[in-house]
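Structural features, examined
Spelled out from the first residue to the last, the chains are:
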Amino acid sequence: MDPGQVRVHPPSVRRSLDSMRGFLWTTLAIVVACGSGGDAGNDAGGGDSGSPSDGGGGQDAPLPPPPTKVCDLPAQLVDTSSPTTVVSDCSSDAELRAAVATGGVVTFSCGTATITVASEIPVAKDTTIDGGGKITLSGGGKSRILHITSAWNVPTPLLTVQNLTFQDGFTSDVPNTTSTKEGGGAIFEDGGSLTVIDCTFSHNTCASTGQDVSGGAINGQGVGTLIIEGSTFSDNSGSNGGGVGTQDENVTVVNSTFANDSATGTDGNPGNGGNGGGLTYDGAHVSLTLCGDTFTGNHANAAGGAVFRVGYNDQGGVASVVTIDKSTFDGNAVDAQNGNAAGLYLENVQLAITNTTISNNTGHFGGGLWAGQSDILDLQNVTIASNTASGGGGIWFANQVTGTLLNCTVAGNTGDGLFGGDTGVKLQNTIIANNAKGTLDSTTNCAKQHASGAPDIQFPAAGGTQCTSDVTIVDPMLGALQDNGGPVKTMKPGAGSPAIGAGKNCSPTDAAGATRASACTLGAIEGT
């Protein structure tokens with residue numbers, strides 16, 4: 001540690017997460033007053049953590065594979081050809097515990113094995129643990145597995161875990177806990193930094209209720225970095241962030257899958273959690289990067305069925321950056337009576353989403369994407385399709401959102417295509433089609449008229465208002481949401497569609513990676 005560094009351990013509730021007050025917007029006061037009404041949590045001992053959205057999941061459900069590696073890797077596997085320690089006895093955690101205390105590179109020579117820890121193993125030195133695809137580390141439903149013991153303002157040590165399975169990690173079943181240190185059922189990054197490569201996290205559990213506790217599998221806190229690549233998070237649960245919960249650090253997740261993870265708290269913040277079924281992330285002036293990821297079947301009782309991200313605009317007016325590319329958010333859910341943002345909840349951030357599909361997510365308000373509290377949007381080649389909500393089935397705009405939807409497709413959503421009071425979002429080369437009204441009002445495609453970069457297509461004309469002042473009302477002849485090449489499913493306009501060749505000032509490529517013509521097809525993918 002540098003002489004000038006001071007180890008500062010923040011209070012157990014380091015943030016009150018005041019910016020989550022967006023969840024209590026005046027327009028949704030009635031929602032908050034009604035409460036969540038959702039399931040309070042899963043079995044505290046790390047048993048079946050299947051969410052309401054996946055029909056129960058369970059220990060016997062097969063683990064989904066990580067998606068195809070379509071994005072560049074931010075970290076490479078550590079060379080383990082000359083290990084510091086080789087663990088040969090996997091019948092207990094004794095050798096592993098001693099090896100981690102030494103630090104360096106740790107490998108195993110005990111074949112395929114499961115090591116159940118008697119208590120969490122502290123990590124105080126730079127350490128790499130490589131399981132060679134044969135080792136499972138288990139908390140036995142009674143203990144957290146690994147704990148990086150540093151401090152919030154210290155980015156070291158670095159723990160790298162690769163080719164390992166983490167299962168049945170557990171922290172606490174204390175209801176309504178106020179301690180953030182009850183997060184991270186498998187790994188608690190209490191300061192320091194963490195890199196996860198080609199690992200599987202299954203049935204790990206942190207405290208099931210509590211306003212700020214998060215991370216059924218991983219919780220990261222502090223100024224370090226969290227990198228996750230080529231990994232799978234399945235059937236993990238916690239009050240917030242069923243798979244991963246993180247605060248204040250820069251986070252990158254690539255080529256990874258979050259499936260059937262659950263945020264089991266209730267009422268949001270203030271309240272007792274329930275935000276971010278797959279991932280929750282809080283902090284100012286830090287970045288979240290998702291690339292080549294799949295979020296499916298995740299569930300949150302309060303907000304953000306797949307992802308919940310809150311930034312801050314009250315600290316120098318600088319928004320945090322969220323970058324999402326080549327990713328799929330499909331079949332996630334929030335509580336059907338009171339939950340918000342079945343797909344993604346994004347507040348006070350500068351948001352860039354490209355070549356991504358948000359589909360088949362279901363909830364109360366905001367089916368696909370919730371954008372609010374001064375978000376700045378840049379959406380290109382994004383498909384938002386077949387999401388369902390009482391209002392804002394495709395996108396719910398709230399409170400001073402600005403930006404552009406360029407070459408996007410918003411189609412087949414129930415509960416409106418675009419909803420909300422903000423008109424500062426511009427549409428360009430975008431298709432808004434075949435959306436249906438929800439129970440909130442009679443809107444179908446657009447609740448408000450948006451600025452126009454021209455041209456755009458809206459269909460049909462009935463219901464709501466014209467999406468822009470100069471939109472063309474015509475059937476774009478969209479095909480089904482399916483694999484049309486590229487990393488995500490898309491809706492391709494059929495032969496003879498008026499969307500083909502109608503665009504100008506287009507995105508350079510489409511969602512499948514094909515180069516666009518100067519007069520491109522409207523929407524996320526080129527037609528033929």
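Residues numbered from 1 in each chain as written. Predicted model: local features only at pLDDT ≥ 70, side-chain atom pairs only at ≥ 80, totals over all residues. Heavy atoms only, no water.

Moving on, we get to the overall build of the protein chain. Within the protein chain, the secondary structure is distributed over two helices and 41 strands. Taken over 528 residues, the protein chain has a buried fraction of 58%. Counting contacts in the protein chain only where the partners sit at least 6 residues apart, residues at least 24 apart contribute 73% of the total. In the structure as shown, the protein chain presents an accessible area of about 17100 Å², 51% of it carried by carbon and sulfur atoms. (Helix = DSSP H or I, 4+ residues; strand = E, 2+ residues; numbered from the N terminus. Buried < 20%, exposed > 50% of the residue type's maximum accessible area, 1.4 Å probe, protein only. Contact = heavy atoms within 4.5 Å. Areas by Shrake-Rupley, 256 points an atom, 1.4 Å probe, with all protein chains shown as cover.)

Under the criterion given, the structure shown has ten aromatic pairs. Arranged with centres 5.1 Å apart and planes meeting at 80°, the rings of Phe365 and Trp396 form a pair that is edge-to-face. With Phe365 in the loop between strand S28 (349-359) and strand S29 (369-372) and Trp396 in strand S31 (residues 395-398), this residue pair connects regions lying 31 residues apart in the sequence. The pair Phe365 / Trp396 is uniform in exposure class, with both members buried. Aromatic rings pair up to connect Phe166, Phe201, Phe233, Phe258, Phe295 and Phe329 into one cluster. Taking the ring centre of Tyr281 as reference, the NZ or CZ of Arg309 above it sits at 4.1 Å. (Phe/Tyr/Trp six-rings, centres within 6.5 Å; stacked < 30°, edge-to-face > 60°. Lys NZ or Arg CZ within 6 Å of the ring centre and 35° of its normal.)

A few words now on the sheet that holds strand S27 (residues 344-347). If you trace the eleven strands from one edge of the open sheet to the other, you get S4-S6-S8-S11-S15-S19-S23-S27-S29-S31-S34, paired in parallel fashion. Strands at the two margins of the open sheet, each flanked by one partner only, are strand S4 (121-123) and strand S34 (418-420). Across the sheet, the mean angle from the axis of one strand to that of its neighbour is 10°, orientation sign disregarded. Pairing of S31 with S34 involves three bridges; the strand directions are parallel. Paired with Phe397 across the strands is Gly420, a residue of S34. (Pairing = 2+ DSSP bridges. Axes fitted to C-alpha atoms, helices over the stretch in contact; angles between N-to-C directions.)

Right, let's get into the nonpolar core. In this structure, Leu146, Val161, Phe166, Ile187, Phe201, Ile218 and Leu379 are the most contacted members of the largest nonpolar core, which totals 72 residues. Within the second largest apolar cluster, ten residues are counted, among which are Tyr345, Phe365, Trp396 and Ala398. (Core = buried A, V, L, I, M, F, W, Y, C linked by side-chain atoms within 4.5 Å.)

What follows covers the pattern of salt bridges. For side chains of opposite charge, pairing can occur when their charged atoms come near one another. Scanning all chains against the criterion turns up six salt bridges. Asp325 is the partner of Lys326 in a salt bridge, and the nearest nitrogen-oxygen pair spans 2.7 Å. Exposure remark for Lys326: the relative accessible area of 27% places this residue in the partly exposed category. (Salt bridge = Lys/Arg side-chain N within 4 Å of Asp/Glu carboxyl O.)

A word on the state of the cysteines. Overall, the coordinates contain four disulfides when judged by the stated rule. Residue pairing for Cys446: its cysteine sulfur links by disulfide to Cys467, the two sulfurs lying 2.0 Å apart. The sign of the S-S torsion, about 95°, decides the handedness of the disulfide formed by Cys446 and Cys467: right-handed. Pair noted here: Cys446 is in the loop between strand S36 (431-433) and strand S37 (451-452) and Cys467 is in the loop between strand S38 (457-459) and strand S39 (472-473), with a separation of 21 residues, a long-range link. Assigned by exposure class, Cys446 and Cys467 land together as buried. When the bonded cysteines of the protein chain are counted from the start of the sequence, the pairing works out to 1-4, 2-3, 5-6, 7-8. (Disulfide = S-S within 2.5 Å.)

On to helix H2 (residues 94-102), then. All of the buried residues along H2 are Leu96, Ala99 and Val100. One face of H2 carries all of its buried residues, which in axial projection span an arc of 95°. On the buried face of H2, the contacting elements are strand S1 (85-87), strand S2 (104-108), strand S3 (113-116), S4 and strand S5 (127-138). Residue Gly103 follows H2 closely and has a positive phi angle near 85°. (Arc of directions from axis to C-beta.)

Let's shift gears to the pairing of S28. Judged by how many residues are buried, S28 sits mostly within the fold: eight of eleven residues are covered. Two elements, strand S24 (residues 320-325) and S28, share six bridges in a ladder whose sense is parallel. Its bridge partner lying in S28, Val321 is registered against Gln350. Here three bridges tie strand S25 (residues 328-330) to S28, and the two strands are oriented parallel to one another. Considered in S28, the bridge of Phe329 is made with Ile358.

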